Amino acid sequence: MTKAIKLLTALPQAQRETLMELAKEVSFPEDTRIFEAGGTADRFWVIRSGAVHLDQQVTSRQRVTVAMLGAGDMLGWSWLFPPYEWDFGAVAFSNVRAYEFDGPSVLALCVEDPLLGLSLVRTVAEVLAHRLETTRGKLMEQYTMRRRSGPL
């Protein structure tokens, strides 16, 4: 399995410092919905403390948690890819403190500093690869449990 990547520690120090100039400290109380799937994705966060659940609406009444994020984890990548809409929802599982980054400002910074842009895109790609692998493992686990409990 791939190793979990922490955005701020993965970037070289000079690039991290440049990116942090755009950071704004924010907090979310427990049970706050941070964003909803389909909404406009124009920012991302790096969690400083607390926990966030990523979820997917599976029926009109049921959401399924697909990932749990904690300190150091990046929350949100849809700001980087058209059509700039959230693929999942996110809710604060506990009180959360985070650094918030404005997506368009970060994209403009990446144009000004292509090395930062390349580092950022590579790091986000590693985060996505790890989360995809983790999700695949959870799906296999669910499938195995269902097969053991009877016909599908």
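Residues numbered from 1 in each chain as written. Predicted model: local features only at pLDDT ≥ 70, side-chain atom pairs only at ≥ 80, totals over all residues. Heavy atoms only, no water.

1. A look at the UniProt feature "domain: Cyclic nucleotide-binding" (unreviewed entry) in the protein
Move 1: Per the UniProt annotation, the sites labelled "domain: Cyclic nucleotide-binding" (unreviewed entry) are residues 7-76.
Move 2: What you have in residues 7-76 is 17% helix and 43% strand, and the ends, taken at the C-alpha atoms, are 12 Å apart. (UniProt positions renumbered as here; feature names shortened; annotations may be inferred. Helix = DSSP H or I, 4+ residues; strand = E, 2+ residues; numbered from the N terminus.)

2. Considering helix H3 (residues 103-112)
Move 1: Here H3 has its buried residues at Gly103, Val106, Leu109 and Cys110. End-on, the buried residues of H3 take up no more than an arc of 120 degrees, which puts them together on one face. Among the exposed residues of H3, those pointing more than 90 degrees away from its buried face are Val111 and Glu112. (Buried < 20%, exposed > 50% of the residue type's maximum accessible area, 1.4 Å probe, protein only. Arc of directions from axis to C-beta.)

3. Some thoughts on the pattern of salt bridges
Move 1: Using the criterion set out here, one finds 9 salt bridges in the structure.
Move 2: We note a salt bridge from Glu36 to Arg33, for which the minimum N-O separation is 3.6 Å.
Move 3: Residues joined by salt bridges that share partners form a network here, namely Lys24, Asp42, Arg43 and Glu100. (Salt bridge = Lys/Arg side-chain N within 4 Å of Asp/Glu carboxyl O.)

4. Concerning the packing of aromatic side chains
Move 1: Across all of its chains, the model carries 7 aromatic pairs by this definition.
Move 2: With a centroid separation of 5.8 Å and an interplanar angle of 10 degrees, the aromatic rings of Phe35 and Trp45 are classed as stacked. On the criterion of sequence distance, the pair formed by Phe35 in strand S2 (residues 33-35) and Trp45 in strand S3 (residues 43-49) is long-range, its members being 10 residues apart. Side by side, Phe35 and Trp45 carry an identical accessibility label, which is buried. (Phe/Tyr/Trp six-rings, centres within 6.5 Å; stacked < 30°, edge-to-face > 60°.)

5. Some words on the nonpolar core
Move 1: Grouped together as the largest cluster of nonpolar side chains are 17 residues, with contacts concentrated most on Ile34, Phe35, Trp45 and Leu75.
Move 2: Of all the elements in the fold, those that place two or more residues in this core are strand S1 (24-28), S2, S3, strand S4 (52-57), strand S5 (63-69), strand S7 (89-92) and strand S8 (96-102).
Move 3: Discounting chain neighbours no more than four positions away, the residues touching Ile34 are Phe28, Trp45, Val52, Leu75, Ala90, Val91 and Ala92.
Move 4: With 16 residues, the next largest nonpolar core counts Leu8, Leu11, Leu80 and Tyr99 among its residues. (Core = buried A, V, L, I, M, F, W, Y, C linked by side-chain atoms within 4.5 Å. Contact = heavy atoms within 4.5 Å.)

6. A word on unusual backbone geometry
Move 1: Between Pro82 and Pro83 the backbone carries a cis peptide bond, its omega angle lying at 10 degrees.
Move 2: Inspection of the secondary structure puts Pro83 in the loop between strand S6 (74-75) and S7.
Move 3: Positive phi outside glycine occurs at Asp31, with the angle close to 75 degrees.
Move 4: Its place among the elements puts Asp31 in the loop between S1 and S2.
Move 5: With relative accessibility at 61%, the residue Asp31 sits in the exposed group.
Move 6: Positive phi is not limited to glycine here, since Tyr84 has a value of about 60 degrees.
Move 7: Mapped onto the elements, Tyr84 comes out in the loop between S6 and S7.

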